[in-house]
Amino acid sequence: MIDKVVRIFISSTQCLLIEDRQTIINTVLQHGAFPIAQEYDFQASNAVMPISKCEEKVEMADAIILVINAWYGSIVQENGARKKCAGCKIKNSCPYAPSVDSEDNLDGECQISYTHYEYLYANYMGKGDNIYVLMRDGIIGANKKVDNKMFVNELTRCQKECKRLKKKCSNCQQDLADIPSPFYHWIETITAHMRSTYSDEKSLITEIAKFTELIKKECEREDSVLGLSSYADYVKALSVVKKYEFIKENVIEDVFLNQDAAIDDARKLDERGQLYEKDINDDRPLIRVLCFRGNSFVNGAYAQWEEFILSPKTKGAKIEYLLADLDNEDVLQRRFTAFSRFNDDYEHFKKNYLHKMAEIERLLLDPNDAFDCRLFLHRESNLPFRMLFIGNILYLSFFLNNTPASASPVYKVKKGASLYTICEEYFNRIKEQSIEKRRSF
């Protein structure tokens, strides 16, 4: 019987919380839940994201972690303009929507932020008991106003992060006078199943871990919403059998505790002749890899997955590797942080890492190699997933700080499942933005 995977929507502004959101995502993953986050969409910001996408994320979630800081966020838009109040699903609970009896009811425009809207929509969907609120400690003072010193500290923190990521962020230039009145009214009236504050990364990890475990425990009840499926679809699943069949067919086939268990599964599929299934539109199976270094996929004795990719039985397959660009210093910095458990100094780590990456590139670009390999170099320093597509199967794992990839959980997903489609779109988008490195003949 497949385990239920709990989905947690992380609702917050992205500005001022770039590092915090990544910490939350990593902590949720490390505790065996699945984060639904803006980072996994391809729009640049909420300002261009359709509000229907935000609603969809809330509907899919078992619970919502709402993070509040000093920035209220962009006001909800639809098709490039302020969203109209007429027909809005949450207008009866929104404190700024025109009253039903008002003559200007049809002409009202949204005055609340995306994050505020997500909070109200979660309540509208009946998920108010599964909202967990976190607030940056000291941001809001006893007078219910934003503390000026803390506000400046947050802005500085965000500006440094945006500069490091070479990200344009006009929100970092705001000042205290720009905070709209709806923000103060919201934080005074907000209700949640549980709420607390955090002051640094350590306390944030502690609170998120506590929230995640509590959410998982709550979701063990028989009447709770299944993770990794939409609320509307869950309601249609009336029996335990239907619920199980739905999640198996539409989401994930299996969950393995580590890479070795997933490899055993691949071997069994291979023995039954079910691993290298061909696409209906192609006469050759397609094998695709997305990761940073590729050490688990091509490197002799260290490559646990190599037997399924570069072996006599795959000479007729098409193989695509998306590996990190050697010139991307940001990747090296983040990987060094993730592998800090080795107590290595950065320059030594960098030299060793670059040597291994160059060796893997050399192996893949060997003109004497009989395999049909294509190598693409990407510059995604925040890559959250490691993906291996073999035929119609996806083995999906996560990059977790201080955890070797071989020890991370692996999700097995079949083609046709919604998660497979999302990951395939993500793979293709990274590939489009990558540079192909060709062999020298």
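For the structure, check the block above.
Because the structure is a prediction, the values reported are computed rather than measured.

Calculation criteria
- Residues numbered from 1 in each chain as written.
- Predicted model: local features only at pLDDT ≥ 70, side-chain atom pairs only at ≥ 80, totals over all residues.
- Heavy atoms only, no water.
- Pairing = 2+ DSSP bridges.
- Helix = DSSP H or I, 4+ residues; strand = E, 2+ residues; numbered from the N terminus.
- Axes fitted to C-alpha atoms, helices over the stretch in contact; angles between N-to-C directions.
- 1 Å grid on protein atoms, 1.4 Å probe; cavity = no way out; pocket = protein on both sides within 12 Å on 5 of 7 lines; lining within 4 Å.
- Points joined across faces, edges and corners; volume = space filled by probe spheres on them.
- Nonpolar A, V, L, I, M, F, W, Y, C, P; charged D, E, K, R; others polar.
- Parallel < 35°, antiparallel > 145°, perpendicular 65-115°, else oblique.
- Left-handed = near helix turned anticlockwise from the far one by under 90°.
- Contact = heavy atoms within 4.5 Å.
- Salt bridge = Lys/Arg side-chain N within 4 Å of Asp/Glu carboxyl O.
- Buried < 20%, exposed > 50% of the residue type's maximum accessible area, 1.4 Å probe, protein only.
- Expected span 1.5 Å × (residues − 1).
- Arc of directions from axis to C-beta.
- Polar contact = N/O pair within 3.5 Å; in protein donor to acceptor, adjacent residues only side chain to side chain.

Caption draft 1: Quick peek at the sheet that holds strand S6 (residues 131-136). Pairing within the open sheet is parallel, and its five strands lie in the order S2-S1-S3-S6-S7. Each of the sheet's edge strands pairs with one partner strand only, and the pair in question is strand S2 (34-36) and strand S7 (194-198). Taking the axes of each pair of neighbouring strands and ignoring which way they run, one obtains an average angle of 25° across the sheet. Note: strand S3 (residues 63-68) against S6, five bridges, orientation parallel. Counterpart to Ile65 in the pairing with S6 is Tyr132.

Caption draft 2: Representation of empty space enclosed by the protein. A full pass over the atoms with the stated rule returns five cavities of 30 Å³ or more. Taken as a whole, the largest cavity spans an internal volume of roughly 80 Å³. In this structure, the largest cavity is lined by 13 residues; those nearest its centre are Cys85, Cys88, Cys94, Ala97 and Cys110. By residue class, the composition of the lining of the largest cavity is nine nonpolar, one polar and three charged.

Caption draft 3: Looking closely at the packing of helix H1 (residues 18-30) against helix H6 (residues 201-218). The geometry of H1 relative to H6 is characterised by a closest axis approach of 9 Å and an angle of 40° between their N-to-C directions. By the angle between their directions, the pair H1 and H6 is classed as oblique. Regarding H1 and H6, the two cross each other, and that crossing is right-handed. Across the interface between the two elements, Asp20, Thr23, Ile24, Thr27 and Val28 from H1 touch Glu201, Leu204, Ile205, Ile208, Ala209 and Thr212 from H6. Residues that form the contact of H1 with H6 fall into these classes: six nonpolar, three polar and two charged.

Caption draft 4: Spatial organisation of the packing of helix H2 (residues 51-60) against helix H3 (residues 114-124). Here H2 crosses H3 at 45°, and the two axes come no closer than 10 Å. As summarised for this structure, H2 and H3 are arranged oblique, according to the angle between their axes. Between H2 and H3 the crossing geometry is right-handed. Between H2, through Ile51, Cys54, Glu55, Val58 and Glu59, and H3, the contact on the second element is made entirely by Tyr114, Tyr117, Glu118, Tyr121 and Ala122.

Caption draft 5: Seen up close, the environment of Asn368. Tracing the backbone through its elements, the reader meets Asn368 in the loop between helix H11 (346-364) and strand S11 (372-378). Residues Asn368 and Arg439, 71 residues apart in the sequence, show an inter-C-alpha distance of 9.7 Å.

Caption draft 6: Region of the structure containing the sheet that holds S11. On the basis of which strands lie adjacent, the open sheet formed by eight strands has the order S8-S14-S13-S12-S9-S10-S11-S15 and mixed pairing. The sheet terminates laterally at strand S8 (254-256) and strand S15 (435-437), the two strands that pair on one side only. Recorded for the sheet is a direction-independent mean angle of 20° between the axes of neighbouring strands. Here strand S10 (residues 318-324) pairs with S11 via seven bridges, running parallel.

Caption draft 7: Examining the pattern of salt bridges more closely. Counting across every chain of the model gives 16 salt bridges. Taking the shortest distance from any N to any O, the salt bridge between Arg362 and Glu359 comes out at 2.8 Å. With Arg362 and Glu359 both in helix H11, this residue pair falls three residues apart, about one helical turn. Residue classification places Arg362 among the partly exposed positions, given a relative accessible area of 48%. Close ionic contact of Lys437 with Glu361 constitutes a salt bridge, the shortest N to O distance being 2.8 Å. Of this pair, Lys437 sits in strand S15 while Glu361 sits in helix H11, and the two are 76 residues apart along the sequence. Judged by relative accessible area, which is 34%, Lys437 ranks as partly exposed.

Caption draft 8: Geometry of H11. Helix length check: H11, at 19 residues, gives a terminal C-alpha distance of 27 Å against a target of 27 Å (1.5 Å per residue), a fit within 8%. Among all positions of H11, only Tyr346, Phe349, Tyr353, Met357, Ile360, Glu361 and Leu364 are buried. Down the axis of H11, the buried side of the element spans an arc of 100°, and every buried residue falls inside it. The exposed set on the far side of H11, more than 90 degrees from its buried face, consists of Glu347, Lys351 and His355. Its side-chain oxygen 3.3 Å from the backbone nitrogen of Glu347, Asp345 forms the N-cap of H11.

Caption draft 9: Focus on the pairing of S11. For S11, the tally of buried residues reaches five of seven residues, placing the bulk of the element in the interior. Examined bridge by bridge, S11 and S15 share three bridges and lie antiparallel to one another. Within S15, the residue paired with Leu375 across the bridge is Lys437.

Caption draft 10: Broad picture of the pairing of S6. With six of six residues buried, S6 is to be regarded as a mostly interior element. A two-sided burial pattern is seen for S6, the buried positions comprising Ile131, Val133 and Met135 on one face and Tyr132, Leu134 and Arg136 on the other. Looking at chain direction, S6 and S7 are connected through five bridges and run parallel. Note on S7: the bridge partner recorded for Arg136 is Tyr198.

Caption draft 11: A look at H1. With 13 residues, H1 extends 19 Å between its outermost C-alpha atoms, agreeing within 8% with the 18 Å of an ideal straight helix rising 1.5 Å per residue. Within H1, the full set of buried residues consists of Ile18, Asp20, Arg21, Thr23, Ile24, Ile25, Asn26, Thr27, Val28 and Leu29. Taken from the residues just after H1, Gly32 is the one with a positive phi, measuring 75°.

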